[in-house]
Amino acid sequence: MLVLFETPAGHALFQLLDAGKLKKPDSLRESFSSPDKTRKLVKLKAFKKFEDTAEAVQSATALVEGKLSATMKKFLKKNVAGQDLKESLAVCDAKLGATIKEKLNIACVHDEGVMELMRGLRAQVEELVTAATPAEMRSMA
């Protein structure tokens, strides 16, 4: 399973290494207790840093509205769509997942396990994404 994660600095795509953990959301907290444990559960597959604040605001606005920003659409086309996708994409919002399914034909998942996964990623994202500085990762948080 792939995981789409939006940060203040850009879009991140993670590979979930053990999808079985999503079936037990309560056990996910332990997997995010340290950066080393987190790296055993997820691996950064791609990251697209925002060019400027305007692009970040546009993307955040689209996300809140459950829409697909142009930047996210390009990012997903490049890194997910058309790659003989057999995996589903975990997303933070069901409405966004429906939009991605409609526009790019990528099956999306949004449930309790995914929400716990997103919480854990948020706690460890500065350790996982090295393409942006910690200050950039917190700039809009």
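Residues numbered from 1 in each chain as written. Predicted model: local features only at pLDDT ≥ 70, side-chain atom pairs only at ≥ 80, totals over all residues. Heavy atoms only, no water.

A. Spatial organisation of the overall build of the chain. What the chain contains, in helices and strands, is seven helices and five strands. Its helices and strands taken in sequence order, the chain reads β-β-α-α-β-α-α-β-α-β-α-α from the N to the C terminus. When contacts within the chain are restricted to residue pairs at least 6 apart in sequence, those whose partners lie at least 24 apart make up 69%. Of the roughly 7600 Å² that the chain leaves accessible, carbon and sulfur atoms contribute 51%. (Helix = DSSP H or I, 4+ residues; strand = E, 2+ residues; numbered from the N terminus. Contact = heavy atoms within 4.5 Å. Areas by Shrake-Rupley, 256 points an atom, 1.4 Å probe, with all protein chains shown as cover.)

B. Molecular detail of the side chain of Thr7. Following the sequence through the fold, Thr7 ends up in the loop between strand E1 (2-6) and strand E2 (10-16). Here the side chain of Thr7 touches Gly10 through a polar contact of 2.8 Å, landing on its backbone oxygen. (Polar contact = N/O pair within 3.5 Å; in protein donor to acceptor, adjacent residues only side chain to side chain.)

C. Just the pairing of E1, in detail. Counting buried positions along E1 gives five out of five residues, so the element sits mostly inside the fold. With burial as the criterion, each face of E1 is covered, one bearing Leu2, Leu4 and Glu6 and the other bearing Val3 and Phe5. Relative to E2, E1 is paired through five bridges, and the arrangement is antiparallel. Bridge pairing in E2 places Val3 opposite Phe14. As defined by bridge partners, E1 adjoins strand E4 (residues 89-90) across two bridges and the pair is classed as parallel. By the bridge assignment for E4, Val3 is matched with Ala90. (Buried < 20%, exposed > 50% of the residue type's maximum accessible area, 1.4 Å probe, protein only. Pairing = 2+ DSSP bridges.)

D. Quick look at the sheet that holds E4. Sheet architecture is open: five strands sit in the order E3-E2-E1-E4-E5, paired in mixed fashion. This sheet does not close on itself; its edge strands, each paired only once, are strand E3 (42-49) and strand E5 (108-109). On top of the sheet, helix H6 (residues 112-128) reaches E1, E2, E3, E4 and E5; it is set at about 65° to E1, its chief contact. (Axes fitted to C-alpha atoms, helices over the stretch in contact; angles between N-to-C directions.)

E. Looking closely at the nonpolar core. Core analysis: the largest hydrophobic core is formed by 21 residues, its most contacted members being Val3, Phe14, Leu16, Val42, Leu117 and Leu121. Elements with a minimum of two residues in this core: E1, E2, E3 and H6. Considering every element that reaches this core, the biggest residue donor is H6, with six residues. Non-local contacts of Leu121, meaning those with residues more than four positions away in its chain, are made with Val3, Phe5, Phe14, Phe32, Val42 and Leu128. Leu13, Leu68, Val80 and Leu89 belong to the second-largest nonpolar core, a separate cluster that totals 17 residues. (Core = buried A, V, L, I, M, F, W, Y, C linked by side-chain atoms within 4.5 Å.)

F. Up close: unusual backbone geometry. The phi angle at Asn105 is positive, at roughly 55°, despite the residue not being glycine. Note that Asn105 resides in the loop between helix H5 (94-104) and E5. A relative accessible area of 57% places Asn105 in the exposed class.

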